[in-house]
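# Breakdown of the fold
Okay, here's what each chain looks like letter by letter:
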Amino acid sequence: MTVSETRLRTRLTEGRVSRREPLALRPKKGIALRLKIRTVAVTAAVTPVLAVPSAAAAATVIGSGSSAEQPVLTALFAGYAKVHRNVHFVYTADGGNAGVKDVQQRRSQFAVNTRAPLPSDSRTVQYKLFLDGLCVAVNKANSVSNVRLTRAANIFLGVFTSWSQVSGSGLTTTIDPIGRNSAAGSYTFFQQAVLKGQTQASNVEQLSSDGLVATAIKHDKNAIGYVGLAHAGKSSGIKTVKLNGVACNATQIKSQKYPLTRFIWGVLSLKHPNSAAAQFFDWVRTSSAAGKIVAKSAVPAFNKK
Amino acid sequence: MVEEFRLDTEPTRDSDRRAELMLGALVCLVVVLLLGMFAFVLYQAWPSFSHNGLSWFGSRGNVDSQIQAIFNSGTSLGHEVYAFHGWPLIWGTALVVGGAVTIAFVCSLFVAVFIVEFAPDALCRVLEPVVRLLASVPSVIYGLVGVFVLVPLIGNHLITQGSKASVQGIITLNGYSLLAGVAILTVMVAPVMVAIFSDGLRAVPRGWIEASLGLGINKWRTVWKIGVRTARPAIVAGTVLATARALGEAVMLSMVCGVVSFAPNPADGWIFFVEPTRPLASTIIAFIDDLSTPPMRHTLYAIAAVLLLSAALLSFGGWAAKQPMKRYGART
Amino acid sequence: MSLLELPVSQPGPRAPRAAQSPPWRLIDRIGLAVAWLLGLLFCALAGALVLYFLVQGIKYVRPSLFLTNPSPGFTATATGGFLDPMLGTMLVSAIAMAIALPIGIGVAVWLSEYGRPAALARVAESTIEMIAGTPSIVLALFGILLFESPALGFLSRSSEGVVFGRSFFAAGAMLSLVALPLVVSNVREGLEAIPDHVREASYALGKTKFATTRRVLLPAARPSVLTGAMLGAGRVIGDTAIIVVLLGATLTFDRSGSVPLLSTLRGTGSTLTYYVFYNAPTGEGNQPTKAYAAAFVLLMIVLALNVGVDIATRRSRRLRWSS
């Protein structure tokens, strides 16, 4: 073993060793070049694809608002797509009041709300679309069938807390009132029409969509809550009560005899109204096809027959 | 012929230097991303903190109605409302997380000791994969179990008419409660702790255990005094990890804890356990749809900032708790 | 042999031989009893949970659920199955792992092979730990800030200058942060377990550090990379908070634009976890049978990933470096 070989062995065992100059292995240039070409090619192919603007063929219209009318709106969007193929609606059900705020802040191009316009809805223009009713519903195990409007108000104000104070219910347990949160148009409508401006009591569970209210009532036999007509149908699993002797159904709402009848409003921005959304609102208001769709879970008001 | 070699202290080749720079840039990017997260979240949260000062953490009035007022004032420029006193949320979080981690810690320690030392072999071989499976189950599934099994149990059997009547008009007792949240969170967090504790216990040098047994100390005492003490860094790590998971749990707790931002009151006696509450993370999920209104946005980001700073404090606390253990040569 | 038995020269008669060990104190007995009790209770609980979901799942899972899309409705037949949510789960975890794996491997390689300056290495380790401890809801809110900014507007839908910010890209990017710490720690462990003489042999043959890493170390650490990837994928599949915030919460794929794959990625959708959340009694859909079925499918996916991790670790244990 030569001296230098011994030195090499010692070095190898002591620390990491590397040669300053590589041996004949120098494939790096070729590999590096090939890699570079591959990267450039891929980037070149991907960039134009990414740069294509979204409105290539279909126009997307973004809306938000009422969850009470979401079933109706979903059916209406599908019906409209049959007539105008190149419009695509995206709808977020965050509550009627939240929808109006979205339009005011230009985050949505249109909104659907379930209460009449208020002074705080500045910078928007609103159109009546169709009729709807806010139904008061209880669990199927609850036998109450008719409630006076003032009694319903007192339940949601926390004045009446036991079912024994409500005639016809057959229960003696504590009432579990369920309502909406303040992002909902239904909340404001209920507050104006039933509570006469007062705030609902703190023991009212505040849920963020009508679907949640219907679900909660279905699972709790002591529950009472308010939902739109679309969520109170036969297959929803909950039972609506008459208010002041008038039932919450399409006939009574159309004749406006039901106390909690309301119009459903379409909201557009005042300064920059979106034309596709405006055309959609027109179609919903007036066309007979839309009238048939609306009649399934709400009440058409202005549509041609 | 042997070429000259020299010790590798610097990257010697251009490609090596380039590789090191690129990878170093990648690491810097990740660090910058985290710092950016802190900066952005705190920046968005600042208006809410500056309007409320320290009373943000205090308690004054109903949190839900404060949030309503904040939302309603959203588009009236100049009249935005920021008043928010989040103590009920913080108290709810502390109760749920503290309760779950405490119970899970005690139970997991005993279970880990059992698995590592005392369980029969067959049981051990079944239990290991089961613990690891449970630790990786998504939290919605635990939430589902809670909603289908635990909440009706509490609602029908633990809540009486009398207790409901005693709080009528203030809140509704229906099974979605603090107890359900703590129970499910314990079940969720325990497998994680058991897995980490048993890893730590297994890493204890076998010679130490055998020496102790050889000295005549009984097995329980050996495992407890020597095994568990040596595994203290792993125990600290497991607890920190479990607490971080519990703090960040939003969806599962929003399913079982109820929909009211209520601060459970210990003075209520037994009803304290069945009162609904809403931890910080669940509050964010509950109001996430209203993110576009500026005051609401700032309030939600303020809640997120509180969560972020708690997680940072937790990491720091874990590191600090391990420092004294380093002195005695415990493996960290 | 206990110490008492060793022959010791003692004056006087030997004391009677004591028992193998002194009798257990009461507190030790109590401790052992508690350990057994809690251990068996834990087994029972784990078994009960697994059995519960197996039974309920088998009761409610139907092949038709895998093939139909969710649709709005009130009854079990009207609401359809979970085809799109399942595809959404796979899509979102593919995006998340596609981002997390390269970055995670890069960071792990830097930490274990380079690591200079030492201060940056310490900062990087703390960063990864901090990311691991961040609640996912905070990551989701940060994601909203990032993806609602105009600079990243091309990654999601936008209307008249306002960026929607919620899309598969956004959710996938934030989920990659959830998976990153797991990938980094596992790959780092795998790389550090390779003994130094392998690296030295490679340098002695003239390979650069980068080539060594790429051709020798990473292939050898493949089981750890697989473990990290699968653990990360497991966490990504199970996360709901980021999905609820960043994926737009539409039950079916809502494409944005007309380019085939890109429109799906820029659009919104849902995943199995969101589907379970939606159909639970506290969600809007309120179809408990669908929730059970989807939960069962989710559990099976997680189980499959866990089995994969087991196989990968067993394979790595078989690789013994001759040192």
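Every value quoted in this text rests on a predicted model; they were computed, and no experiment measured them.

Parameters and conventions
- Residues numbered from 1 in each chain as written.
- Chains lettered and ligands numbered in written order.
- Predicted model: local features only at pLDDT ≥ 70, side-chain atom pairs only at ≥ 80, totals over all residues.
- Heavy atoms only, no water.
- Pairing = 2+ DSSP bridges.
- Helix = DSSP H or I, 4+ residues; strand = E, 2+ residues; numbered from the N terminus.
- Right-handed = clockwise from strand over helix to strand, strands pointing away.
- Buried < 20%, exposed > 50% of the residue type's maximum accessible area, 1.4 Å probe, protein only.
- pLDDT = per-residue confidence, 0-100.
- Phe/Tyr/Trp six-rings, centres within 6.5 Å; stacked < 30°, edge-to-face > 60°.
- Lys NZ or Arg CZ within 6 Å of the ring centre and 35° of its normal.
- Contact = heavy atoms within 4.5 Å.
- Buried area = accessible area lost by both parts, 1.4 Å probe.
- Salt bridge = Lys/Arg side-chain N within 4 Å of Asp/Glu carboxyl O.
- Polar contact = N/O pair within 3.5 Å; in protein donor to acceptor, adjacent residues only side chain to side chain.
- Disulfide = S-S within 2.5 Å.

### Points about the pairing of strand S3 (residues 87-92) of chain A
Residues and elements named next belong to chain A. The pairing of strand S2 (residues 59-65) with S3 spans six bridges and is classified as parallel. The residue bridging Thr60 from the neighbouring strand is His88, located in S3. Each parallel crossover has a hand, and for S2 linked through helix H3 (residues 70-83) to S3 it is right-handed.

### Details of unusual backbone geometry
Residue Arg116(C) is joined to Pro117(C) through a cis peptide bond whose omega torsion reads -5 degrees. For Pro117(C), the location among the structural elements is in the loop between helix H3 (83-114) and helix H4 (118-133). Even without a glycine there, the phi angle at Arg123(A) is positive, about 65 degrees. With respect to the secondary-structure elements, Arg123(A) resides in the loop between strand S4 (110-113) and strand S5 (124-138). Here Arg123(A) falls in the partly exposed class, since its relative accessible area comes to 41%. The backbone phi angle of Ala249(C) is positive, close to 55 degrees, even though this residue is not glycine. Assignment of secondary structure puts Ala249(C) in the loop between helix H10 (241-246) and helix H11 (260-266). With a relative accessible area of 35%, Ala249(C) lands in the partly exposed category.

### Side note on the confidence of the model for chain B
Low pLDDT marks regions whose predicted coordinates should not be analysed in detail. Mean pLDDT for chain B: 88, with 94% of residues reaching 70 or above. Within chain B, the lowest mean pLDDT, 52, falls on strand S1 (residues 5-7) of chain B, and the highest, 94, falls on helix H3 (residues 87-118) of chain B.

### Considerations on the packing of aromatic side chains
Tallied over the entire structure, the rule returns 43 aromatic pairs over all chains. Both rings, one in Phe110(A) and one in Phe281(A), keep their centres 5.8 Å apart while their planes meet at 85 degrees; by these two values the pair is edge-to-face. Here Phe110(A) is found in strand S4, whereas its partner Phe281(A) is found in helix H9 (residues 275-286), with 171 residues between them in sequence. Taken individually, Phe110(A) and Phe281(A) each receive the classification buried, so the pair is uniform in this respect. A ring pair is formed by Phe190(A) and Tyr226(A), whose centres lie 4.0 Å apart and whose planes are at 15 degrees; its orientation type is stacked. Linking Phe190(A) in helix H6 (residues 185-193) with Tyr226(A) in strand S9 (residues 223-228), this pair joins segments that are 36 residues apart in sequence. By relative accessible area, Tyr226(A) is classed as buried at 0%. One aromatic cluster in this structure is built from Phe77(A), Tyr80(A), Phe89(A), Tyr91(A), Phe110(A), Tyr127(A), Phe280(A), Phe281(A) and Trp283(A). Against the face of Phe71(B) rests Lys101(A), its NZ or CZ located 5.1 Å from the ring centre. Above the ring of Phe263(A), the side-chain terminus of Lys128(A) is found at 4.4 Å from the ring centroid.

### Thoughts on the interface of chain B and chain C
Contact residues are listed per partner, giving 78 residues for chain B and 76 residues for chain C. Carbon and sulfur atoms supply 79% of the area buried between chain B and chain C, which totals about 7000 Å² over both sides. The tally of links between chain B and chain C comes to four salt bridges. Measuring nitrogen to oxygen at the nearest pair gives 2.6 Å for the salt bridge that ties Arg132(B) to Asp310(C). Where chain B packs against chain C, one counts nine residue pairs in polar contact (both at pLDDT 80 or more).

### What to know about the side chain of Asn142(A)
Residues and elements named next belong to chain A. Note on placement: Asn142 falls in the loop between S5 and strand S6 (146-147). From its side chain, Asn142 meets the backbone nitrogen of Val144 in a polar contact 3.2 Å long. The residues touching Asn142, leaving out its near neighbours within four places in the chain, are Trp163, Ser169, Leu171, Lys221 and Lys239.

### Points about the state of the cysteines
By the definition in use, this model includes one disulfide over all chains. Bridging Cys135(A) to Cys248(A), the disulfide has an S-S length of 1.9 Å. Across the disulfide from Cys135(A) to Cys248(A), rotation about the S-S bond amounts to roughly -60 degrees, and the bridge is consequently left-handed. Highlighted residues: Cys135(A) in strand S5 and Cys248(A) in the loop between strand S11 (242-243) and helix H8 (250-254), separated in sequence by 113 residues. According to the relative accessible area criterion, Cys135(A) is buried, its value standing at 0%. Residue Cys248(A) is classed as buried on the basis of its relative accessible area of 8%. Cys43(C) supplies the cysteine sulfur nearest to Cys124(B), a cysteine that is in no disulfide, at a spacing of 9.6 Å. Look at Cys43(C) and you get buried, because its relative accessible area is 16%.

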